[in-house]
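Structure at a glance
Chain by chain, the residues run as shown.
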Amino acid sequence: MKLDKIVDGKPVTMGTVECSYDSSKRALICEFPRGVFHFTIQAHKMAGTMNLTDGRLWRKITLSKSS
């Protein structure tokens, strides 16, 4: 997964991470040096969390596909 942030209306790449997908749970798990992303996928939306390596919640994330 390529990770971007938006700066002055333009994407700036922050890095990439490797992910695994569990089709039975519709879950995407991506590990990175500082922690892990856990997403569930429903139609055109993804929702989940970003946790640090010690398990602390770092971010809650909701994504939707734009047309």
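Here, the structure is the one placed above.
One structure accompanies this document, and this report is about it. No experiment lies behind these values; they were computed from the predicted model shown.

A short note on the overall build of the chain
Each helix and strand counted, the chain has zero helices and seven strands in total. In the chain, the succession of helices and strands from N to C terminus is β-β-β-β-β-β-β. Counting every position in the chain, which comprises 67 residues, the buried fraction comes to 25%. Summed over its atoms, the accessible surface of the chain is roughly 5400 Å², and 53% of this surface lies on carbon and sulfur atoms. Each charge class in the chain was averaged separately, 11 positive and 6 negative side chains, and the resulting centres sit 7 Å apart.

What to know about the sheet that holds strand β5 (residues 35-42)
As summarised here, the arrangement of the five strands in space is β3-β4-β5-β6-β7, forming an open sheet in which the pairing is antiparallel. Each of the sheet's edge strands pairs with one partner strand only, and the pair in question is β3 (18-22) and β7 (57-64). Adjacent strand axes in the sheet meet at a mean angle of 20°, parallel and antiparallel pairs treated alike. Strand direction decides the pairing type here: β3 and strand β4 (residues 27-32), joined by five bridges, are antiparallel. Its bridge partner lying in β4, glutamate 18 is registered against glutamate 31.

Rules of the game
- Counting of residues starts from 1 at the beginning of each chain's written sequence and follows it residue by residue.
- With the structure being a predicted model, the display of local features is reserved for residues of pLDDT at least 70 and the display and counting of side-chain atom pairs for 80 or more, all residues being used for whole-chain, interface and lining totals.
- Calculated side-chain values reflect all of the structure's heavy atoms, with hydrogen atoms and water omitted.
- Numbering of helices and strands starts at the N terminus; helices are DSSP runs of H or I of at least 4 residues and strands are runs of E of at least 2.
- For each residue, the accessible area found with a 1.4 Å probe, counting protein chains only, is set against the maximum for its type, and the residue is called buried under 20%, exposed over 50%, and partly exposed in between.
- Areas reported as accessible are Shrake-Rupley estimates using a 1.4 Å probe. Residue values count occlusion only from the protein chains shown.
- As used throughout, the charge tally considers Lys and Arg to be positive and Asp and Glu to be negative, leaving His and the chain termini uncounted.
- Working definition for charges: the position is that of NZ of Lys, CZ of Arg, CG of Asp or CD of Glu.
- Pairing between strands requires that DSSP locate at least two bridges from one strand to the other.
- In this analysis, axes come from line fits to C-alpha atoms, helices being fitted only over the stretch in contact, and the angle between any two N-to-C directions falls in the range 0 to 180 degrees.

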